[in-house]
2 protein chains.
Amino acid sequence: MTTTNSLTYDDLGSAAQRDRRRRILDATIALASKGGFDAVQMRAVAEQADVALGTLYRYFPSKIHLLVSALARQFEDTQSMVSRKPVPGETPSERVIYVLRRATRGMQGDANLTEALTRAFMFADASVATEIHVVGMQLTTMLNRAIKGDAYVEGEQPSDEEVAVARVISDVWLSALVSWVTGRATAEEVADHIETAVRLVLR
Amino acid sequence: MTTTNSLTYDDLGSAAQRDRRRRILDATIALASKGGFDAVQMRAVAEQADVALGTLYRYFPSKIHLLVSALARQFEDTQSMVSRKPVPGETPSERVIYVLRRATRGMQGDANLTEALTRAFMFADASVATEIHVVGMQLTTMLNRAIKGDAYVEGEQPSDEEVAVARVISDVWLSALVSWVTGRATAEEVADHIETAVRLVLR
DNA sequence: ATCGGAACTGCAACGTGTTTCTATTATGAC
DNA sequence: GTCATAATAGAAACACGTTGCAGTTCCGAT
(Lines give C-alpha, C1' and ligand atoms only; values in the text may rest on other atoms or scores of the structure.)
Protein backbone atom coordinates (compact mmCIF):
# COMPACT_ATOMS: atom_id res chain seq x y z
CA MET A 1 0.00 0.00 0.00
CA THR A 2 1.23 3.44 -0.84
CA THR A 3 1.79 5.78 2.05
CA THR A 4 0.36 8.99 0.68
CA ASN A 5 -3.22 9.87 0.14
CA SER A 6 -5.44 7.62 2.20
CA LEU A 7 -8.64 9.28 1.09
CA THR A 8 -9.75 5.99 -0.37
CA TYR A 9 -11.13 3.02 1.52
CA ASP A 10 -9.57 0.29 -0.57
CA ASP A 11 -6.13 0.54 -1.99
CA LEU A 12 -6.86 2.03 -5.33
CA GLY A 13 -3.47 3.67 -5.75
CA SER A 14 -2.62 7.30 -6.13
CA ALA A 15 -5.05 10.00 -7.13
CA ALA A 16 -3.62 9.95 -10.62
CA GLN A 17 -4.22 6.25 -10.87
CA ARG A 18 -7.75 6.52 -9.60
CA ASP A 19 -8.35 9.22 -12.15
CA ARG A 20 -6.99 7.10 -14.97
CA ARG A 21 -9.17 4.23 -13.89
CA ARG A 22 -12.19 6.50 -13.84
CA ARG A 23 -11.38 7.92 -17.27
CA ILE A 24 -10.99 4.45 -18.70
CA LEU A 25 -14.33 3.29 -17.34
CA ASP A 26 -15.98 6.50 -18.52
CA ALA A 27 -14.64 5.97 -22.00
CA THR A 28 -15.73 2.35 -21.94
CA ILE A 29 -19.27 3.23 -21.02
CA ALA A 30 -19.44 6.06 -23.53
CA LEU A 31 -18.29 3.83 -26.35
CA ALA A 32 -20.50 0.94 -25.28
CA SER A 33 -23.45 3.28 -25.08
CA LYS A 34 -22.81 4.54 -28.57
CA GLY A 35 -22.14 1.29 -30.38
CA GLY A 36 -22.38 -1.72 -28.11
CA PHE A 37 -19.89 -4.50 -27.55
CA ASP A 38 -18.17 -4.19 -30.91
CA ALA A 39 -17.66 -0.46 -30.49
CA VAL A 40 -15.70 -0.95 -27.30
CA GLN A 41 -12.38 -1.33 -29.07
CA MET A 42 -9.35 -1.29 -26.89
CA ARG A 43 -7.50 1.25 -29.02
CA ALA A 44 -10.55 3.50 -29.01
CA VAL A 45 -10.96 3.21 -25.24
CA ALA A 46 -7.30 4.03 -24.73
CA GLU A 47 -7.48 7.03 -27.01
CA GLN A 48 -10.68 8.40 -25.50
CA ALA A 49 -9.39 7.87 -21.97
CA ASP A 50 -6.12 9.51 -22.98
CA VAL A 51 -3.91 6.64 -21.93
CA ALA A 52 -1.62 4.36 -23.89
CA LEU A 53 -2.84 0.98 -24.97
CA GLY A 54 -0.32 -0.70 -22.68
CA THR A 55 -1.62 1.30 -19.75
CA LEU A 56 -5.16 0.26 -20.47
CA TYR A 57 -4.01 -3.35 -20.33
CA ARG A 58 -2.20 -2.67 -17.08
CA TYR A 59 -5.44 -1.55 -15.49
CA PHE A 60 -7.70 -4.13 -17.10
CA PRO A 61 -6.11 -7.31 -18.40
CA SER A 62 -8.72 -7.91 -21.08
CA LYS A 63 -11.70 -6.39 -22.80
CA ILE A 64 -13.94 -8.67 -20.76
CA HIS A 65 -12.41 -7.57 -17.47
CA LEU A 66 -12.88 -4.01 -18.57
CA LEU A 67 -16.53 -4.41 -19.42
CA VAL A 68 -17.42 -6.43 -16.35
CA SER A 69 -15.72 -3.82 -14.19
CA ALA A 70 -17.76 -1.18 -15.95
CA LEU A 71 -20.87 -3.21 -15.22
CA ALA A 72 -19.97 -3.40 -11.55
CA ARG A 73 -19.49 0.34 -11.37
CA GLN A 74 -22.75 1.04 -13.16
CA PHE A 75 -24.59 -1.31 -10.86
CA GLU A 76 -23.04 0.29 -7.82
CA ASP A 77 -23.99 3.78 -8.94
CA THR A 78 -27.54 2.75 -9.61
CA GLN A 79 -27.87 0.91 -6.33
CA SER A 80 -26.55 3.77 -4.25
CA MET A 81 -29.20 6.01 -5.74
CA VAL A 82 -32.03 3.59 -5.18
CA SER A 83 -31.23 1.70 -2.01
CA ARG A 84 -32.23 4.46 0.40
CA LYS A 85 -35.94 4.15 -0.09
CA PRO A 86 -37.74 0.94 0.76
CA VAL A 87 -39.07 -1.09 -2.13
CA PRO A 88 -42.78 -0.44 -2.74
CA GLY A 89 -45.25 -3.33 -2.90
CA GLU A 90 -47.32 -5.44 -0.55
CA THR A 91 -46.00 -8.91 -1.29
CA PRO A 92 -42.55 -10.26 -2.15
CA SER A 93 -43.76 -10.96 -5.69
CA GLU A 94 -44.93 -7.40 -6.17
CA ARG A 95 -41.71 -5.97 -4.82
CA VAL A 96 -39.47 -8.23 -6.86
CA ILE A 97 -41.43 -7.55 -10.01
CA TYR A 98 -41.26 -3.84 -9.27
CA VAL A 99 -37.50 -3.91 -8.85
CA LEU A 100 -36.85 -6.05 -11.89
CA ARG A 101 -39.21 -4.05 -14.02
CA ARG A 102 -37.41 -0.91 -13.04
CA ALA A 103 -33.98 -2.41 -13.64
CA THR A 104 -35.02 -3.91 -16.94
CA ARG A 105 -36.50 -0.64 -18.12
CA GLY A 106 -33.31 1.12 -17.17
CA MET A 107 -31.25 -1.29 -19.19
CA GLN A 108 -33.57 -1.17 -22.16
CA GLY A 109 -33.22 2.59 -22.11
CA ASP A 110 -29.63 2.11 -23.23
CA ALA A 111 -29.74 -0.97 -25.36
CA ASN A 112 -26.20 -0.69 -26.66
CA LEU A 113 -24.70 -0.36 -23.23
CA THR A 114 -26.74 -3.26 -21.95
CA GLU A 115 -25.73 -5.40 -24.87
CA ALA A 116 -22.06 -4.71 -24.28
CA LEU A 117 -22.18 -5.36 -20.54
CA THR A 118 -24.39 -8.43 -20.75
CA ARG A 119 -22.30 -10.01 -23.46
CA ALA A 120 -19.15 -9.47 -21.46
CA PHE A 121 -20.77 -10.91 -18.36
CA MET A 122 -21.84 -14.06 -20.16
CA PHE A 123 -18.49 -14.51 -21.85
CA ALA A 124 -16.38 -14.03 -18.76
CA ASP A 125 -14.27 -16.96 -17.66
CA ALA A 126 -12.66 -17.92 -14.37
CA SER A 127 -10.05 -15.16 -14.59
CA VAL A 128 -12.85 -12.64 -14.12
CA ALA A 129 -14.26 -14.41 -11.08
CA THR A 130 -13.54 -11.51 -8.73
CA GLU A 131 -15.37 -8.94 -10.81
CA ILE A 132 -18.21 -11.34 -11.51
CA HIS A 133 -18.61 -12.04 -7.83
CA VAL A 134 -19.02 -8.35 -7.10
CA VAL A 135 -21.87 -8.13 -9.58
CA GLY A 136 -23.44 -11.32 -8.29
CA MET A 137 -23.47 -9.96 -4.75
CA GLN A 138 -25.03 -6.70 -5.86
CA LEU A 139 -27.75 -8.60 -7.64
CA THR A 140 -28.42 -10.89 -4.69
CA THR A 141 -28.62 -7.98 -2.29
CA MET A 142 -31.04 -6.15 -4.52
CA LEU A 143 -33.31 -9.15 -4.76
CA ASN A 144 -33.18 -9.93 -1.08
CA ARG A 145 -34.16 -6.39 -0.23
CA ALA A 146 -37.10 -6.73 -2.56
CA ILE A 147 -38.17 -10.11 -1.25
CA LYS A 148 -38.00 -9.12 2.40
CA GLY A 149 -39.36 -5.60 2.04
CA ASP A 150 -39.55 -3.75 5.33
CA ALA A 151 -38.27 -6.83 7.12
CA TYR A 152 -34.90 -6.47 5.38
CA VAL A 153 -31.99 -5.88 7.70
CA GLU A 154 -28.56 -5.24 6.33
CA GLY A 155 -26.09 -7.97 7.20
CA GLU A 156 -28.69 -10.45 8.29
CA GLN A 157 -28.25 -13.83 6.63
CA PRO A 158 -31.13 -14.84 4.39
CA SER A 159 -32.48 -18.37 4.76
CA ASP A 160 -31.54 -21.15 2.37
CA GLU A 161 -34.91 -20.90 0.71
CA GLU A 162 -34.53 -17.16 0.22
CA VAL A 163 -31.11 -17.64 -1.31
CA ALA A 164 -32.46 -20.27 -3.66
CA VAL A 165 -35.35 -18.09 -4.71
CA ALA A 166 -33.13 -15.11 -5.34
CA ARG A 167 -30.78 -17.23 -7.37
CA VAL A 168 -33.48 -18.70 -9.57
CA ILE A 169 -34.85 -15.27 -10.22
CA SER A 170 -31.50 -13.84 -11.19
CA ASP A 171 -30.89 -16.81 -13.49
CA VAL A 172 -34.18 -16.18 -15.23
CA TRP A 173 -33.48 -12.49 -15.41
CA LEU A 174 -30.08 -13.06 -16.93
CA SER A 175 -31.38 -15.48 -19.51
CA ALA A 176 -34.13 -13.09 -20.43
CA LEU A 177 -31.64 -10.28 -20.75
CA VAL A 178 -29.48 -12.39 -23.02
CA SER A 179 -32.46 -13.22 -25.22
CA TRP A 180 -33.21 -9.55 -25.43
CA VAL A 181 -29.73 -8.20 -26.15
CA THR A 182 -29.16 -10.86 -28.78
CA GLY A 183 -32.39 -9.90 -30.49
CA ARG A 184 -34.20 -13.13 -29.81
CA ALA A 185 -36.94 -11.65 -27.62
CA THR A 186 -38.75 -8.35 -27.38
CA ALA A 187 -38.86 -6.15 -24.30
CA GLU A 188 -42.44 -7.19 -23.66
CA GLU A 189 -41.63 -10.86 -23.84
CA VAL A 190 -38.83 -10.32 -21.37
CA ALA A 191 -41.11 -8.53 -18.93
CA ASP A 192 -43.81 -11.20 -19.24
CA HIS A 193 -41.40 -14.02 -18.84
CA ILE A 194 -39.85 -12.53 -15.74
CA GLU A 195 -43.21 -11.88 -14.13
CA THR A 196 -44.37 -15.38 -14.80
CA ALA A 197 -41.22 -16.82 -13.32
CA VAL A 198 -41.40 -14.64 -10.22
CA ARG A 199 -44.98 -15.64 -9.52
CA LEU A 200 -44.06 -19.27 -10.04
CA VAL A 201 -41.21 -19.16 -7.58
CA LEU A 202 -42.68 -16.82 -4.99
CA ARG A 203 -46.01 -18.41 -4.19
CA MET B 1 -33.54 -28.26 -54.88
CA THR B 2 -31.27 -30.61 -56.75
CA THR B 3 -32.83 -33.36 -58.73
CA THR B 4 -30.56 -36.26 -57.83
CA ASN B 5 -30.39 -38.19 -54.62
CA SER B 6 -33.50 -37.68 -52.56
CA LEU B 7 -32.31 -39.89 -49.74
CA THR B 8 -32.54 -36.94 -47.41
CA TYR B 9 -35.69 -35.46 -45.96
CA ASP B 10 -34.66 -31.81 -46.00
CA ASP B 11 -32.79 -30.24 -48.84
CA LEU B 12 -29.26 -30.61 -47.71
CA GLY B 13 -27.72 -30.56 -51.17
CA SER B 14 -25.75 -33.23 -52.93
CA ALA B 15 -24.14 -36.17 -51.23
CA ALA B 16 -20.78 -34.43 -51.53
CA GLN B 17 -22.18 -31.38 -49.81
CA ARG B 18 -23.74 -33.37 -47.03
CA ASP B 19 -20.43 -35.11 -46.60
CA ARG B 20 -18.54 -31.83 -46.41
CA ARG B 21 -20.98 -30.55 -43.86
CA ARG B 22 -20.57 -33.68 -41.80
CA ARG B 23 -16.78 -33.52 -42.01
CA ILE B 24 -16.84 -29.89 -40.92
CA LEU B 25 -19.02 -30.60 -37.90
CA ASP B 26 -16.91 -33.63 -37.02
CA ALA B 27 -13.77 -31.52 -37.12
CA THR B 28 -15.45 -28.84 -35.05
CA ILE B 29 -16.44 -31.26 -32.34
CA ALA B 30 -13.07 -32.96 -32.35
CA LEU B 31 -11.24 -29.66 -31.93
CA ALA B 32 -13.69 -28.39 -29.33
CA SER B 33 -13.36 -31.60 -27.41
CA LYS B 34 -9.59 -31.32 -27.39
CA GLY B 35 -9.17 -27.65 -26.51
CA GLY B 36 -12.50 -25.90 -26.04
CA PHE B 37 -13.74 -22.71 -27.64
CA ASP B 38 -10.33 -21.23 -28.33
CA ALA B 39 -9.13 -24.39 -30.05
CA VAL B 40 -11.93 -24.24 -32.58
CA GLN B 41 -10.02 -22.05 -34.99
CA MET B 42 -11.53 -21.61 -38.39
CA ARG B 43 -8.28 -22.40 -40.21
CA ALA B 44 -7.85 -25.53 -38.13
CA VAL B 45 -11.42 -26.66 -38.72
CA ALA B 46 -11.01 -26.14 -42.45
CA GLU B 47 -7.77 -28.07 -42.53
CA GLN B 48 -9.04 -30.96 -40.46
CA ALA B 49 -12.26 -31.16 -42.48
CA ASP B 50 -10.18 -30.99 -45.65
CA VAL B 51 -11.99 -28.00 -47.11
CA ALA B 52 -10.78 -24.54 -47.97
CA LEU B 53 -11.37 -21.72 -45.54
CA GLY B 54 -13.73 -20.03 -47.97
CA THR B 55 -15.76 -23.21 -48.23
CA LEU B 56 -16.06 -23.43 -44.50
CA TYR B 57 -17.50 -19.93 -44.50
CA ARG B 58 -19.87 -20.87 -47.28
CA TYR B 59 -21.33 -23.60 -45.09
CA PHE B 60 -21.26 -21.70 -41.82
CA PRO B 61 -21.13 -17.92 -41.95
CA SER B 62 -19.33 -17.54 -38.63
CA LYS B 63 -17.61 -19.43 -35.86
CA ILE B 64 -20.69 -19.00 -33.72
CA HIS B 65 -23.00 -20.43 -36.37
CA LEU B 66 -20.63 -23.32 -36.70
CA LEU B 67 -20.57 -24.10 -33.00
CA VAL B 68 -24.28 -23.69 -32.44
CA SER B 69 -24.94 -26.00 -35.39
CA ALA B 70 -22.57 -28.49 -33.82
CA LEU B 71 -24.50 -28.17 -30.57
CA ALA B 72 -27.77 -28.84 -32.37
CA ARG B 73 -26.37 -31.95 -33.96
CA GLN B 74 -24.95 -33.23 -30.70
CA PHE B 75 -28.25 -32.64 -28.97
CA GLU B 76 -30.14 -34.40 -31.71
CA ASP B 77 -27.86 -37.43 -31.58
CA THR B 78 -28.19 -37.69 -27.82
CA GLN B 79 -31.95 -37.26 -27.88
CA SER B 80 -32.50 -39.89 -30.55
CA MET B 81 -30.64 -42.38 -28.39
CA VAL B 82 -32.55 -41.56 -25.24
CA SER B 83 -36.05 -40.62 -26.29
CA ARG B 84 -37.29 -44.16 -26.89
CA LYS B 85 -37.50 -45.18 -23.28
CA PRO B 86 -39.83 -43.34 -20.90
CA VAL B 87 -38.20 -41.19 -18.25
CA PRO B 88 -37.91 -43.02 -14.91
CA GLY B 89 -39.25 -41.41 -11.75
CA GLU B 90 -42.53 -41.14 -9.85
CA THR B 91 -43.04 -37.38 -9.79
CA PRO B 92 -42.31 -34.61 -12.27
CA SER B 93 -39.54 -33.35 -9.97
CA GLU B 94 -37.87 -36.73 -9.88
CA ARG B 95 -38.07 -37.14 -13.61
CA VAL B 96 -36.77 -33.67 -14.40
CA ILE B 97 -33.94 -34.03 -11.95
CA TYR B 98 -33.12 -37.42 -13.43
CA VAL B 99 -32.98 -36.03 -16.95
CA LEU B 100 -30.98 -32.96 -16.05
CA ARG B 101 -28.58 -34.93 -13.93
CA ARG B 102 -27.96 -37.27 -16.79
CA ALA B 103 -27.52 -34.46 -19.30
CA THR B 104 -25.28 -32.51 -16.98
CA ARG B 105 -23.12 -35.54 -16.30
CA GLY B 106 -22.82 -36.12 -20.00
CA MET B 107 -21.66 -32.59 -20.59
CA GLN B 108 -19.26 -32.66 -17.69
CA GLY B 109 -17.74 -35.77 -19.18
CA ASP B 110 -16.40 -33.60 -21.97
CA ALA B 111 -15.74 -30.28 -20.34
CA ASN B 112 -13.92 -28.73 -23.29
CA LEU B 113 -16.67 -29.54 -25.72
CA THR B 114 -19.30 -28.23 -23.35
CA GLU B 115 -17.37 -25.06 -22.80
CA ALA B 116 -17.09 -24.43 -26.51
CA LEU B 117 -20.74 -25.11 -27.26
CA THR B 118 -22.11 -23.23 -24.27
CA ARG B 119 -19.98 -20.20 -24.96
CA ALA B 120 -21.12 -20.08 -28.53
CA PHE B 121 -24.73 -20.45 -27.49
CA MET B 122 -24.50 -17.57 -25.04
CA PHE B 123 -22.67 -15.36 -27.49
CA ALA B 124 -24.98 -15.94 -30.42
CA ASP B 125 -26.86 -12.94 -31.74
CA ALA B 126 -29.99 -12.54 -33.84
CA SER B 127 -28.31 -13.86 -36.99
CA VAL B 128 -28.12 -17.27 -35.34
CA ALA B 129 -31.78 -17.25 -34.35
CA THR B 130 -32.66 -20.23 -36.54
CA GLU B 131 -30.02 -22.52 -35.06
CA ILE B 132 -30.75 -21.29 -31.55
CA HIS B 133 -34.41 -21.99 -31.99
CA VAL B 134 -33.66 -25.58 -32.94
CA VAL B 135 -31.74 -26.08 -29.73
CA GLY B 136 -34.40 -24.34 -27.68
CA MET B 137 -37.09 -26.65 -29.03
CA GLN B 138 -35.01 -29.72 -28.31
CA LEU B 139 -34.53 -28.56 -24.75
CA THR B 140 -38.20 -27.75 -24.26
CA THR B 141 -39.27 -31.11 -25.64
CA MET B 142 -36.86 -32.93 -23.38
CA LEU B 143 -38.15 -31.13 -20.31
CA ASN B 144 -41.81 -31.57 -21.22
CA ARG B 145 -41.31 -35.28 -21.64
CA ALA B 146 -39.75 -35.40 -18.22
CA ILE B 147 -42.43 -33.30 -16.55
CA LYS B 148 -45.33 -35.26 -18.01
CA GLY B 149 -43.80 -38.71 -17.77
CA ASP B 150 -46.12 -41.44 -19.09
CA ALA B 151 -48.77 -38.83 -19.78
CA TYR B 152 -46.57 -37.29 -22.47
CA VAL B 153 -48.03 -37.39 -25.95
CA GLU B 154 -46.03 -36.21 -28.91
CA GLY B 155 -47.54 -33.17 -30.57
CA GLU B 156 -49.87 -32.34 -27.71
CA GLN B 157 -49.61 -28.71 -26.64
CA PRO B 158 -48.38 -28.22 -23.10
CA SER B 159 -50.31 -25.80 -20.89
CA ASP B 160 -49.10 -22.27 -20.22
CA GLU B 161 -47.99 -23.27 -16.78
CA GLU B 162 -46.01 -26.20 -18.14
CA VAL B 163 -44.33 -23.99 -20.69
CA ALA B 164 -43.43 -21.48 -18.00
CA VAL B 165 -42.03 -24.16 -15.74
CA ALA B 166 -39.96 -25.69 -18.50
CA ARG B 167 -38.64 -22.32 -19.44
CA VAL B 168 -37.61 -21.38 -15.93
CA ILE B 169 -35.86 -24.69 -15.53
CA SER B 170 -33.93 -24.32 -18.76
CA ASP B 171 -32.93 -20.81 -17.76
CA VAL B 172 -31.57 -22.08 -14.49
CA TRP B 173 -29.86 -24.95 -16.20
CA LEU B 174 -28.23 -22.65 -18.70
CA SER B 175 -27.01 -20.26 -16.04
CA ALA B 176 -25.64 -23.12 -14.03
CA LEU B 177 -23.89 -24.46 -17.07
CA VAL B 178 -22.34 -21.10 -17.75
CA SER B 179 -21.11 -20.86 -14.17
CA TRP B 180 -19.57 -24.25 -14.55
CA VAL B 181 -17.89 -23.84 -17.93
CA THR B 182 -16.47 -20.51 -16.87
CA GLY B 183 -15.02 -22.08 -13.75
CA ARG B 184 -17.19 -20.21 -11.28
CA ALA B 185 -18.99 -23.24 -9.88
CA THR B 186 -18.13 -26.89 -9.32
CA ALA B 187 -20.07 -29.78 -10.76
CA GLU B 188 -21.58 -30.47 -7.36
CA GLU B 189 -22.74 -26.92 -6.93
CA VAL B 190 -24.37 -27.05 -10.32
CA ALA B 191 -26.21 -30.27 -9.46
CA ASP B 192 -27.37 -28.90 -6.12
CA HIS B 193 -28.50 -25.64 -7.55
CA ILE B 194 -30.51 -27.31 -10.27
CA GLU B 195 -32.19 -29.68 -7.87
CA THR B 196 -33.13 -26.86 -5.55
CA ALA B 197 -34.59 -24.87 -8.39
CA VAL B 198 -36.57 -27.78 -9.77
CA ARG B 199 -38.10 -28.54 -6.38
CA LEU B 200 -38.93 -24.89 -5.97
CA VAL B 201 -40.71 -24.64 -9.28
CA LEU B 202 -42.35 -28.05 -9.40
CA ARG B 203 -44.22 -28.22 -6.13
C1' DA C 1 -19.71 -34.28 -75.32
C1' DT C 2 -20.06 -29.67 -74.25
C1' DC C 3 -21.33 -25.51 -72.12
C1' DG C 4 -22.32 -22.28 -68.28
C1' DG C 5 -22.74 -21.38 -63.71
C1' DA C 6 -22.08 -22.70 -59.05
C1' DA C 7 -18.89 -24.53 -55.76
C1' DC C 8 -14.29 -25.11 -54.34
C1' DT C 9 -9.25 -24.12 -53.59
C1' DG C 10 -5.35 -21.46 -52.23
C1' DC C 11 -3.84 -17.42 -50.77
C1' DA C 12 -3.44 -12.68 -49.54
C1' DA C 13 -5.19 -9.06 -46.83
C1' DC C 14 -7.75 -6.55 -43.18
C1' DG C 15 -9.50 -5.53 -38.34
C1' DT C 16 -9.19 -5.93 -33.67
C1' DG C 17 -7.70 -8.17 -29.18
C1' DT C 18 -3.40 -8.97 -27.10
C1' DT C 19 1.64 -8.97 -26.32
C1' DT C 20 6.12 -7.01 -26.30
C1' DC C 21 9.76 -3.73 -26.25
C1' DT C 22 12.26 0.64 -25.56
C1' DA C 23 12.45 5.28 -24.20
C1' DT C 24 10.49 8.55 -21.14
C1' DT C 25 8.23 10.30 -17.02
C1' DA C 26 6.33 10.28 -12.40
C1' DT C 27 6.87 8.79 -7.49
C1' DG C 28 8.47 7.66 -3.02
C1' DA C 29 12.74 6.75 0.01
C1' DC C 30 16.77 8.72 1.64
C1' DG D 1 17.90 17.19 -4.41
C1' DT D 2 19.16 12.50 -6.00
C1' DC D 3 18.38 7.97 -6.96
C1' DA D 4 15.99 3.56 -7.77
C1' DT D 5 11.90 1.82 -9.11
C1' DA D 6 7.46 1.62 -11.01
C1' DA D 7 4.29 3.47 -14.27
C1' DT D 8 3.38 5.31 -18.77
C1' DA D 9 3.79 6.43 -23.73
C1' DG D 10 4.38 5.04 -28.27
C1' DA D 11 4.70 1.85 -31.62
C1' DA D 12 5.53 -2.49 -33.68
C1' DA D 13 4.24 -7.18 -34.07
C1' DC D 14 1.43 -11.36 -33.46
C1' DA D 15 -3.04 -14.25 -33.53
C1' DC D 16 -7.23 -15.36 -35.25
C1' DG D 17 -11.96 -14.24 -37.25
C1' DT D 18 -13.37 -12.67 -41.46
C1' DT D 19 -13.38 -11.08 -46.35
C1' DG D 20 -12.02 -10.89 -51.19
C1' DC D 21 -10.29 -12.68 -55.32
C1' DA D 22 -8.21 -15.40 -59.38
C1' DG D 23 -8.00 -19.70 -61.04
C1' DT D 24 -9.83 -24.52 -61.06
C1' DT D 25 -13.15 -28.20 -60.66
C1' DC D 26 -17.68 -30.12 -60.36
C1' DC D 27 -22.48 -30.77 -61.96
C1' DG D 28 -26.74 -30.51 -64.25
C1' DA D 29 -28.98 -29.03 -68.62
C1' DT D 30 -28.82 -29.20 -73.32
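Residues numbered from 1 in each chain as written. Chains lettered and ligands numbered in written order. Predicted model: local features only at pLDDT ≥ 70, side-chain atom pairs only at ≥ 80, totals over all residues. Heavy atoms only, no water.

The name given to chain A in an unreviewed UniProt entry is TetR/AcrR family transcriptional regulator, and the organism recorded there is Nocardioides marmoriginsengisoli.

Residue and element names in this part refer to chain B. Within the secondary structure layout, Gln79 lies in helix H4 (residues 63-82). Take Gln79: its relative accessible area is 16%, and that puts it in the buried class. Those residues in contact with Gln79 that lie beyond four places of it in its chain are Gln138 and Met142. (Helix = DSSP H or I, 4+ residues; strand = E, 2+ residues; numbered from the N terminus. Buried < 20%, exposed > 50% of the residue type's maximum accessible area, 1.4 Å probe, protein only. Contact = heavy atoms within 4.5 Å.)

Residues and elements named next belong to chain B. Axis separation between H4 and helix H6 (residues 111-123) bottoms out at 9 Å; the angle between their running directions is 120°. One way to sum up the angle between H4 and H6 is to call them oblique. With respect to the hand of their crossing, H4 and H6 are arranged in left-handed fashion. Between H4, through Ile64, Leu67, Val68, Ala70, Leu71 and Gln74, and H6, the contact on the second element is made entirely by Leu113, Ala116, Leu117, Ala120, Phe121 and Phe123. Its residues placed into classes, the contact of H4 with H6 shows 11 nonpolar, 1 polar and no charged. (Axes fitted to C-alpha atoms, helices over the stretch in contact; angles between N-to-C directions. Parallel < 35°, antiparallel > 145°, perpendicular 65-115°, else oblique. Left-handed = near helix turned anticlockwise from the far one by under 90°. Nonpolar A, V, L, I, M, F, W, Y, C, P; charged D, E, K, R; others polar.)

Let us look at the interface of chain B and chain A. With 28 residues of chain B in contact, the opposing surface of chain A contributes 28 residues. Buried surface at the junction of chain B and chain A, both sides included, amounts to about 2600 Å², of which 61% is carbon and sulfur. Its largest share of buried area at the contact with chain A, chain B owes to Phe123, Arg184 and Leu200 of chain B, together 22% of the area lost on that side. Between chain B and chain A we count 2 salt bridges in total. Summed over the shared surface of chain B and chain A, the result is 10 residue pairs in polar contact (both at pLDDT 80 or more). When contributions to the side of chain B that touches chain A are tallied by element, the ones reaching two or more residues are H6, helix H8 (160-181) and helix H9 (187-201) of chain B. (Buried area = accessible area lost by both parts, 1.4 Å probe. Salt bridge = Lys/Arg side-chain N within 4 Å of Asp/Glu carboxyl O. Polar contact = N/O pair within 3.5 Å; in protein donor to acceptor, adjacent residues only side chain to side chain.)

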